[in-house]
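Chain by chain, the residues run as shown.
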Amino acid sequence: MKVKLTGEFATLTGRQEVEIYGPTNIKGLLSALDSSFPNYGWDNSNVAINGVMYSDAWFQPINKDDEVVIMPPIEGG
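Keep in mind that this is a model prediction, so the values were computed, not measured.

Chemist: Help me understand the pairing of strand β1 (residues 2-5) in this model?
Modeler: Regular strands place side chains that alternate from one sheet face to the opposite one. Side-chain alternation along β1 places Val3 and Leu5 on a buried face and Lys2 and Lys4 on a face that remains uncovered. Bridge analysis of β1 against strand β2 (residues 17-19) gives 3 bridges, and the strand direction is antiparallel. Paired with Lys4 across the bridge in β2 is Glu17.

What follows is the structure, encoded as structure tokens:
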């Protein structure tokens with residue numbers, strides 16, 4: 001599946017999009033990203049699937065045709 005990276009993740013990896021094969025849920029996806037790009041804090045990221053934001057939804061299913069966007073944590077005050 002194609003995964004879009006934004007913000008700090010795009011800057012750190014030098015990529016705005018990566019191909020990840022195999023994961024069927026958010027936890028698997030973040031683990032696969034950590035294997036390819038270790039120590040970037042993927043487990044603290046925000047994930048959007050088909051325009052819907054998920055936070056701490058580790059077992060939310062992902063299909064290979066879904067639009068997936070990974071964003072750094074959103075901080076505010």
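Chemist: I keep staring at the sheet that holds strand β3 (residues 46-49) and nothing clicks. Help me out?
Modeler: Strand pairs in the sheet, formed through backbone hydrogen bonds, run parallel or antiparallel to each other. Spatial strand order, β2-β1-β5-β3-β4: 5 strands in an open sheet with mixed pairing. Pairing within the sheet leaves two strands with one partner each, and these edge strands are β2 and β4 (52-54). Adjacent strand axes in the sheet meet at a mean angle of 25° when their direction is disregarded.

Chemist: Can you help me understand the nonpolar core in this one?
Modeler: One broad trend across soluble globular proteins is that nonpolar side chains are buried collectively. By size, the foremost hydrophobic cluster in this structure holds 19 residues, and its most contacted members are Val3, Leu5, Leu29, Leu33, Trp42, Val68 and Ile70. When contributions to this core are tallied by element, the ones reaching two or more residues are β1, α1 (7-13), α2 (26-36), β3 and β5 (68-71). Per-element accounting of this core gives the leading share, 5 residues, to α2. Beyond its immediate sequence surroundings of up to four residues, Trp42 is in contact with Leu5, Phe9, Thr13, Leu30, Leu33, Asp34, Phe37 and Ile70.

Here is what the cut-offs are and how they apply
- Residues numbered from 1 in each chain as written.
- Predicted model: local features only at pLDDT ≥ 70, side-chain atom pairs only at ≥ 80, totals over all residues.
- Heavy atoms only, no water.
- Buried < 20%, exposed > 50% of the residue type's maximum accessible area, 1.4 Å probe, protein only.
- Helix = DSSP H or I, 4+ residues; strand = E, 2+ residues; numbered from the N terminus.
- Pairing = 2+ DSSP bridges.
- Axes fitted to C-alpha atoms, helices over the stretch in contact; angles between N-to-C directions.
- Core = buried A, V, L, I, M, F, W, Y, C linked by side-chain atoms within 4.5 Å.
- Contact = heavy atoms within 4.5 Å.

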